[in-house]
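As a plain string of letters, each chain reads:
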Amino acid sequence: MEPIILTSDLKKIYRIGKVEVPALRGVDLVVPEGEFVAVAGPSGCGKSTLLHVLGGLTAPTSGKVLVDGNDFSAMNDADRTRFRRHKIGFVFQRFNLLPTLTARNNIAIAQHIQGNGFNPHRFQAIVEMLGIQGKLNHRPYALSGGEQQRVAIARAVICEPKILLADEPTGNLDSENSQIVLNMLRGLNRSFRQTILMITHNPDAAALADRVLRMRDGRMLLD
Amino acid sequence: METKMVISNLLHRPTRTIISILAVAIEVGLVMLTVGMTTGMLSETARRVEGIGADIIVQPPGASFLMGFTPAPMPIKIGDLLEEKVEHVAHVLPVLILMNVGVGVNIVFGINREQFDAVTGGFVFHSGGWFTGPDDIIVDDLYAKAGHLKVGQKLTLFSHSFRITGIVEHGKGARLFIPLQTDEELNQTQDKASIFFVKCTDPGYTDDAISGIRQFLPTYPVRSMAEYTSLYSSNNLPALNTFIEALICIALTIGFLVIFLSMYTTITERTREIGILKSLGASKSYIMSLILREAATICVLGIAAGEVGTLGARRVLQSSFPTLAVRLTPHWMVYAAVLAMGGTVLGAVYPALRAASLDPVDALAYE
Ligand SMILES: Nc1ncnc2c1ncn2[C@@H]1O[C@H](COP(=O)(O)OP(=O)(O)O)[C@@H](O)[C@H]1O
Ligand SMILES: [Mg+2]
């Protein structure tokens, strides 16, 4: 079967004025559908950049990127936005909920942007699985970090994305909440065969994944 | 859903929302009051001239249609001649007009009782009665109300002390009336009039009478009452039109700038939120429409507040300044609203474009 993520010699160079910052220096990556992959590595080695490229938030500088059959070299900004809308769910270290909306609306807005309208069955299933039924009418400031991150996960998966991209999802959580969130990601992967690419510094988190990739200086380390 | 977002954003920053709404309200109010006061003043003046009840108006050559801007008055004899010689002319009322520039500009009519009554059908007195001496003055009820004046009180005009002998129902040309002769003395003229109000034997003969008068006075502007009052529009007063346009421009600029600043700062403040929406796959047009809707909501609330506020302001103005006419037409209420909406959209477009073109990675990293 064709892998859902395939990159070869993927490079990403940031330009800050005249200075070039090579964040990815040739990444080769293959992820089959349904796999739960953890990415580890020192700070600044390009993990977040890799996630942003795979999620279509930013364009690669060179190299091949194929995600769910989409060739990034042939995609412009609007194409990548559409791709992201239909195939990607993001979870961030800082939760990134919209502060003025309730938990329910934070989840619903993803469905709204996707354009398929509100799906009550999917909504109910996700909300129950993440254990946030009682928190739906709260705004983010009235939720604990763990609760906010669970709402963020619900928002990320509500539209059934092909890939869930999580950037240090437990980085701002205590160990108890980290464990809850990790178990939920594991559960999503198990019960929905959700493909997950998760960046983490946390050895417990990495241990939960099917596979751990290590990065350094913009490249994957072979083990 | 977008509506929910817009409303929650507006409620989240109540001060900014209220200030922006207020700015739009002031913009709308400024336009409506300016136009309302100028058109009100003009149409009220026209109605007052109409109230004289004449059929034809004769002015000296070169005179502006605006009463009071008359270069050289005409001999009163002309009026007598018209009355005698022109067919269908029943009565002629000569008036010598003075302008009193005090609190506001007031037109003073110098009149003779007999001719005034013949053309207008006479005053309706609220109190008091006609002049009995040269230093007497008649004022209309609105002028009296504005100045809290009573019959018997003194009133100084043109450094001349008058005694109020009568307070009359408004609507007969001017608000202030003095004896023609006194007027002539103040004006240092004799047997002169600035305007003739002509009454026909029957209104049906107006056109014939006009031709008759024109034969007599070929260089004098002779107009029917309808034609004359139709001149009282800002289109015939280029300076006034320019003034109105300038004020509308200022109002529009205020609205534009406030919306621009309000939306611009809110975009900066919400950079991360925009990044979040982009990470969820929101397109440029989605984000633009969100910003424009927010601005439009502010604008609609501002228009409503502005129009209600203007209606309220008019009530207050008219009870404290009875001589002030403020005319608010539906046409101008719609026009003010359209102008405000135009200014808002213009003000919001650039911030919206900026928000839509933010780089999602940078926006998400924004502190
Ligand atoms: N938007 C950006 N502009 C410029 N340089 C960036 C940007 N994002 C990341 N970088 C640089 O790219 C390198 C990789 O960053 P990142 O992908 O965030 O690493 P990690 O997530 O592994 O800590 C770093 O040197 C960082 O400074
Ligand atoms: Mg990172």
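Residues numbered from 1 in each chain as written. Chains lettered and ligands numbered in written order. Predicted model: local features only at pLDDT ≥ 70, side-chain atom pairs only at ≥ 80, totals over all residues. Heavy atoms only, no water.

**Observations concerning the sheet that holds strand β8 (residues 195-199) of chain A**
Residue and element names in this part refer to chain A.
Line of reasoning, step 1. Across the sheet, which stays open at both edges, the six strands sit in the order β6-β7-β8-β3-β9-β10 with mixed pairing between neighbours. Two strands lie at the open edges of the sheet, namely β6 (88-91) and β10 (219-221), each paired on one side alone. Recorded for the sheet is a direction-independent mean angle of 25° between the axes of neighbouring strands.
Line of reasoning, step 2. Strand direction decides the pairing type here: strand β7 (residues 163-167) and β8, joined by five bridges, are parallel. Bridged to L165 within β8 is L197.
Line of reasoning, step 3. Packing of helix α2 (residues 77-87) onto the sheet brings it into contact with β6 and β7, and relative to β6 it is tilted by some 80°. (Pairing = 2+ DSSP bridges. Helix = DSSP H or I, 4+ residues; strand = E, 2+ residues; numbered from the N terminus. Axes fitted to C-alpha atoms, helices over the stretch in contact; angles between N-to-C directions. Contact = heavy atoms within 4.5 Å.)

**A look at the interface of chain A and chain B**
Quite often, the size of an interface is put as the accessible area lost when its parts meet.
Line of reasoning, step 1. If you look at the interface, chain A gives 24 residues, while chain B gives 24 residues.
Line of reasoning, step 2. For the pair chain A and chain B, the two sides together bury roughly 2200 Å², of which 65% comes from carbon and sulfur.
Line of reasoning, step 3. Sorting the residues of chain A by area buried against chain B places R94, T100 and I113 of chain A first, and these three jointly supply 25% of that buried surface.
Line of reasoning, step 4. On the surface where chain A and chain B come into contact, there are zero salt bridges.
Line of reasoning, step 5. Where chain A packs against chain B, one counts seven residue pairs in polar contact (both at pLDDT 80 or more).
Line of reasoning, step 6. Breaking the side of chain A that touches chain B down by element, the ones donating at least two residues are α2 and α3 (103-114) of chain A.
Line of reasoning, step 7. The element that contributes the greatest number of residues to the side of chain A that touches chain B is α3 of chain A, accounting for six residues.
Line of reasoning, step 8. Looking at the side of chain A that touches chain B residue by residue, the class counts come to twelve nonpolar, seven polar and five charged. (Buried area = accessible area lost by both parts, 1.4 Å probe. Salt bridge = Lys/Arg side-chain N within 4 Å of Asp/Glu carboxyl O. Polar contact = N/O pair within 3.5 Å; in protein donor to acceptor, adjacent residues only side chain to side chain. Nonpolar A, V, L, I, M, F, W, Y, C, P; charged D, E, K, R; others polar.)

**Considering the environment of N137 of chain A**
Residue and element names in this part refer to chain A.
Line of reasoning, step 1. Along the chain, the position of N137 falls in the loop between α4 (120-130) and α5 (145-157).
Line of reasoning, step 2. Owing to a relative accessible area of 58%, N137 belongs among the exposed residues under this scheme.
Line of reasoning, step 3. Separated by 64 residues in the primary sequence, N137 and S73 have C-alpha atoms spaced 42 Å apart.
Line of reasoning, step 4. Of note is the side chain of N137, whose polar atom sits 3.3 Å from the side chain of R104. (Buried < 20%, exposed > 50% of the residue type's maximum accessible area, 1.4 Å probe, protein only.)

**Some words on helix α3 (residues 76-85) of chain B**
All names here are of chain B.
Line of reasoning, step 1. Taken together, the buried positions of α3 are I76, I78, G79 and L82. Mapping the buried residues of α3 onto a view down its axis gives an arc of 155°, with all of them on the same face. Opposite the packed face of α3, turned more than 90 degrees from it, sit the exposed residues K77, E84 and K85. (Arc of directions from axis to C-beta.)

**Let's talk about the site of ligand 1**
Line of reasoning, step 1. Ligand 1 sits among 13 residues. The nearest are G44, G46, K47, S48 and T49 of chain A.
Line of reasoning, step 2. Near ligand 1, the surrounding residues belong to chains A and B.
Line of reasoning, step 3. The separation between an oxygen atom of ligand 1 and a polar main-chain atom of C45 of chain A is 3.3 Å.
Line of reasoning, step 4. One nitrogen or oxygen atom from the side chain of S48 of chain A is found 2.7 Å from an oxygen atom belonging to ligand 1.
Line of reasoning, step 5. For ligand 1, whose free accessible area comes to 560 Å², the fraction covered by protein is 68%.
Line of reasoning, step 6. Taken together, the elements giving at least two residues each to the shell around ligand 1 come down to β1 (5-16), β2 (19-31) and α1 (47-54) of chain A.
Line of reasoning, step 7. In terms of residue count, α1 of chain A provides more of the shell around ligand 1 than any other element does, three residues in total.
Line of reasoning, step 8. For the shell around ligand 1, a count of residues per class yields six nonpolar, five polar and two charged. (Near = heavy atom within 4 Å. Areas by Shrake-Rupley, 256 points an atom, 1.4 Å probe, with all protein chains shown as cover.)

**Some points on the state of the cysteines**
Residue and element names in this part refer to chain B.
Line of reasoning, step 1. By the definition in use, this model includes zero disulfides over all chains.
Line of reasoning, step 2. With no disulfide partner, C249 has as its closest neighbouring cysteine sulfur the one in C299, 17 Å distant.
Line of reasoning, step 3. Assessed through its relative accessible area of 47%, C249 is described here as partly exposed. (Disulfide = S-S within 2.5 Å.)

**A word on a negative patch on the surface**
Residues and elements named next belong to chain B.
Line of reasoning, step 1. Together, D80, E83, E84 and E114 make up a negatively charged patch on the protein surface.
Line of reasoning, step 2. Relative to the assigned elements, E83 resides in helix α3.
Line of reasoning, step 3. Exposure remark for E83: the relative accessible area of 31% places this residue in the partly exposed category. (Patch = residues over 30% accessible without salt bridge, like charges linked within 9 Å, V, L, I, M, F, W, Y side chains within 5 Å. Lys, Arg positive; Asp, Glu negative; His and termini not counted. Charge placed at Lys NZ, Arg CZ, Asp CG, Glu CD.)

**Observations regarding the pairing of strand β7 (residues 154-157) of chain B**
All names here are of chain B.
Line of reasoning, step 1. Of the two faces of β7, only the one carrying L155 and L157 is buried; K154 and T156 on the other face are not.
Line of reasoning, step 2. Where β7 and strand β8 (residues 160-168) come together, four bridges link them in antiparallel fashion. Bridge pairing in β8 links K154 to R163.
Line of reasoning, step 3. Counting the residues in the hairpin turn of β7 and β8 gives two residues, including F158, whose phi is positive at 50°.

**Digging into the packing of aromatic side chains**
All names here are of chain B.
Line of reasoning, step 1. Here the structure, examined in full by the defined rule, presents 18 aromatic pairs over all chains.
Line of reasoning, step 2. With a centroid separation of 6.1 Å and 40° between ring planes, the pair formed by F109 and F197 is classed as tilted. With a gap of 88 residues between them, F109 in strand β4 (residues 104-111) and F197 in strand β11 (residues 195-200) connect regions that are remote in the sequence. Accessibility assignment for this pair places F109 and F197 in one class, buried.
Line of reasoning, step 3. For the ring pair Y228 and Y232, a centre distance of 5.6 Å and an interplane angle of 65° mean the geometry is edge-to-face. (Phe/Tyr/Trp six-rings, centres within 6.5 Å; stacked < 30°, edge-to-face > 60°.)

**Concerning the domain arrangement of chain B**
Line of reasoning, step 1. According to the domain assignment, chain B consists of domain 1 (2-43 + 238-365) and domain 2 (60-220).
Line of reasoning, step 2. Between the C-alpha centres of domain 1 of chain B and domain 2 of chain B the distance comes to 48 Å. (Domains from an automatic or database assignment.)

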